[in-house]
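Coordinate inspection notes
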Amino acid sequence: AVQIRTCTQVLEDGVELSSGFHRHVVTAGQDYSNESAEVQAIAKKACYDCHSNNTVYPWYSNVQPLAWWINDHVKEGKGEFNYSEFTTYSPKRARHKLEEVAEQVNEHEMPLNSYTWIHAEARLTDAERKVLTDWAMATRESIPAPPKTK
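It should be emphasised that the depicted structure is a prediction, and the values quoted were computed from it without experimental measurement.

Describing the overall build of the chain
- The secondary structure content of the chain amounts to six helices and two strands.
- Starting at the N terminus, the α and β elements of the chain follow one another as β-β-α-α-α-α-α-α.
- Relative to its 150 residues, the chain shows a buried fraction of 39%.
- Within the chain, residue pairs in contact and separated by at least 24 positions form 58% of the contacts whose partners lie at least 6 positions apart.
- Within the structure as shown, the chain displays about 9,400 Å² of accessible surface, and the carbon and sulfur contribution to it stands at 55%.

Some words on the packing of aromatic side chains
- Counted by the stated rule, this structure contains seven aromatic pairs.
- By way of ring pairs, the aromatic residues Y48, F81, Y83, F86, Y89 and W135 are connected into one cluster.

Let's talk about a nonpolar patch on the surface
- On the surface, W59, V63, L66 and W69 cluster together into a nonpolar patch covering about 470 Å² of accessible area.
- When you line up the elements, V63 lands in the loop between helix 2 (48-51) and helix 3 (66-80).

Points about the environment of K45
- With respect to the helices and strands, K45 occurs in helix 1 (residues 37-46).
- Separated by 74 residues in the primary sequence, K45 and H119 have C-alpha atoms spaced 8.9 Å apart.
- Setting aside chain neighbours within four positions, we find K45 in contact with Y115, E121, A122, R123, L124 and E128.
- Among the polar contacts listed, one links the side chain of K45 to the side chain of E128, at a separation of 2.9 Å.

Some details on the nonpolar core
- Counting 23 residues, the largest nonpolar core has F81, Y83, F86, L98 and L132 as the members making the most contacts within it.
- At the level of secondary structure, the elements contributing two or more residues to this core comprise helix 1, helix 4 (91-106) and helix 6 (126-142).
- Considering every element that reaches this core, the biggest residue donor is helix 4, with five residues.
- Once you skip the residues sitting within four places of it in the chain, L132 turns out to touch V39, I42, A43, C47, V105 and L124.
- If you look at the next biggest cluster of nonpolar residues, it comprises five residues, including C50, Y57, Y60 and V74.

Conventions and cut-offs
Residues numbered from 1 in each chain as written. Predicted model: local features only at pLDDT ≥ 70, side-chain atom pairs only at ≥ 80, totals over all residues. Heavy atoms only, no water. Helix = DSSP H or I, 4+ residues; strand = E, 2+ residues; numbered from the N terminus. Buried < 20%, exposed > 50% of the residue type's maximum accessible area, 1.4 Å probe, protein only. Contact = heavy atoms within 4.5 Å. Areas by Shrake-Rupley, 256 points an atom, 1.4 Å probe, with all protein chains shown as cover. Phe/Tyr/Trp six-rings, centres within 6.5 Å; stacked < 30°, edge-to-face > 60°. Patch = residues over 30% accessible without salt bridge, like charges linked within 9 Å, V, L, I, M, F, W, Y side chains within 5 Å. Salt bridge = Lys/Arg side-chain N within 4 Å of Asp/Glu carboxyl O. Polar contact = N/O pair within 3.5 Å; in protein donor to acceptor, adjacent residues only side chain to side chain. Core = buried A, V, L, I, M, F, W, Y, C linked by side-chain atoms within 4.5 Å.

In structure tokens, the structure reads:
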């Protein structure tokens, strides 16, 4: 099982007035994304910490100001694409997000260098990039396109 931690902060004029943490446990290996085992393994090591509800926070995420930066980074990542919530996306949004995934992985924009500097295991080989890109585009094509309007 992994521990998931979320942080709630109350700020006024950029000054923290209060903060709170909520922790809960998720059983490791739960499949929230309906990916193949190969894609899931690659995404788990390189994407899930910022793009799923299965974030595993490192010890230094308890140190300020790193905790604020990490929390903001993860929140932004989940806002862009969340494997755990992908099935709730509208077909139009899902197709668009998968296209972005393929593009950013293919162009080495993801995972971010700031993440792979510390998490070397998240560095993707060209073959792993191809697997993720192929999965994203194949999944995108399997989602019916919304009807075109005139």
